[in-house]
Amino acid sequence: MTSHPAVRPVADLFSADGRLKAIPRKPARREALLAHLAETLFEAGRTYREAEVNEALLGVHEDFSALRRYLVIGGFLARTKDGADYRRQQQPGSPGGAIPAVA
């Protein structure tokens, strides 16, 4: 038995057409949603241009810029310093959401 309540599945956040009804305000619900979006919309190891990230997020909600920001701040997506490229993180929580320099 666990002493903390489980986070509800994210399926109830979406309407029948697959669009997000609203971005959750509660941090635990929002984090569960962001994890779901990162896993379902972005392939691990692939680099995405900002326009590709925007297009993918626009497919689920009109406020794609807020979702993109939450994904970066939460460490689900890493962004290059110039903001041009994004990658899905294996482990959320990378400081500042920055992609480490690659030699």
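Quick summary incoming for the structure in this document. Keep in mind the model is a prediction, meaning the values are calculated, not measured. (Residues numbered from 1 in each chain as written. Predicted model: local features only at pLDDT ≥ 70, side-chain atom pairs only at ≥ 80, totals over all residues. Heavy atoms only, no water.)

Focus: the environment of T40
In plain terms, the rule: Per the convention used, a helix needs a DSSP run of H or I reaching at least four residues, while a strand needs a run of E reaching at least two, with both numbered from the N terminus. Type-normalised accessible area, obtained with a 1.4 Å probe on protein chains alone, sets the label of each residue: buried when under 20%, exposed when over 50%, and partly exposed for intermediate values. Two N or O atoms form a polar contact when they lie within 3.5 Å of each other; inside protein one atom must be a possible hydrogen donor and the other a possible acceptor, and for residues adjacent in sequence the pair counts only when both atoms belong to side chains.
With respect to the helices, strands and loops of the structure, T40 is situated in helix α1 (residues 27–41). Using a relative accessible area of 49% as the deciding quantity, one classes T40 as partly exposed. Engagement of the side chain of T40 in a polar contact is seen with the backbone oxygen of H36, the distance being 2.8 Å.

Some words on the side chain of H61
Threshold: By definition, residues are in contact when any of their heavy atoms lie within 4.5 Å.
With respect to the secondary-structure elements, H61 resides in the loop between α2 (50–58) and α3 (64–73). A polar side-chain atom of H61 sits 3.0 Å from the main-chain amide nitrogen of D63. Discounting chain neighbours no more than four positions away, the residues touching H61 are R19, L20, K21, A22, I23 and L67.

So, the sheet that holds strand β3 (residues 85–88)
For clarity, the threshold we go by: The criterion for strand pairing is that DSSP finds at least two bridges linking the strands in question. Angles shown run from 0 to 180 degrees and are taken between the N-to-C directions of axes, each axis being a line fitted to C-alpha atoms and, for helices, limited to the stretch in contact.
The strand order across the open sheet built from three strands is β1-β3-β2, with neighbouring strands paired in antiparallel fashion. The sheet is open, and its two borders are formed by β1 (47–49) and β2 (77–79), each paired with just one other strand. The mean angle between the axes of side-by-side strands here comes to 35 degrees, regardless of whether they run parallel or antiparallel. Direction of pairing for β1 relative to β3: antiparallel, over a ladder of three bridges. Bridge pairing in β3 links R49 to D85.

Looking at the packing of α2 against α3
What counts, and what does not: Angular relationships are summarised with four words: roughly parallel below 35 degrees, roughly antiparallel beyond 145, roughly perpendicular across 65 to 115, and oblique for the angles in between. Here a crossing is taken to be left-handed if its near helix is turned anticlockwise relative to the far helix by less than a right angle, and right-handed if that turn runs clockwise. Each residue gets one of three labels, nonpolar for Ala, Val, Leu, Ile, Met, Phe, Trp, Tyr, Cys and Pro, charged for Asp, Glu, Lys and Arg, and polar for the others, Gly among them.
One way to put it is that α2 packs onto α3 with a least axis distance of 9 Å and a crossing angle of 115 degrees. Our classification of the angle between α2 and α3 gives roughly perpendicular. The two elements α2 and α3 cross, and the hand of that crossing is right-handed. Contact residues: α2 offers E50, V53, N54, L57 and L58, while α3 offers F64, L67, R68 and L71. The class makeup of the residues in the contact of α2 with α3 is six nonpolar, one polar and two charged.

Quick notes on the pattern of salt bridges
Note on pairing: side chains with opposite charge can pair once their charged atoms come close. Quick note on the threshold: Here, a salt bridge means any Lys or Arg side-chain nitrogen found within 4 Å of an Asp or Glu carboxyl oxygen.
Scanning all chains against the criterion turns up five salt bridges. Between D85 and R49 there is a salt bridge; the shortest N-O distance is 2.7 Å. Here D85, found in strand β3, pairs with R49, found in strand β1; they are 36 residues apart in sequence, far enough to count as distant. Using a relative accessible area of 46% as the deciding quantity, one classes R49 as partly exposed.

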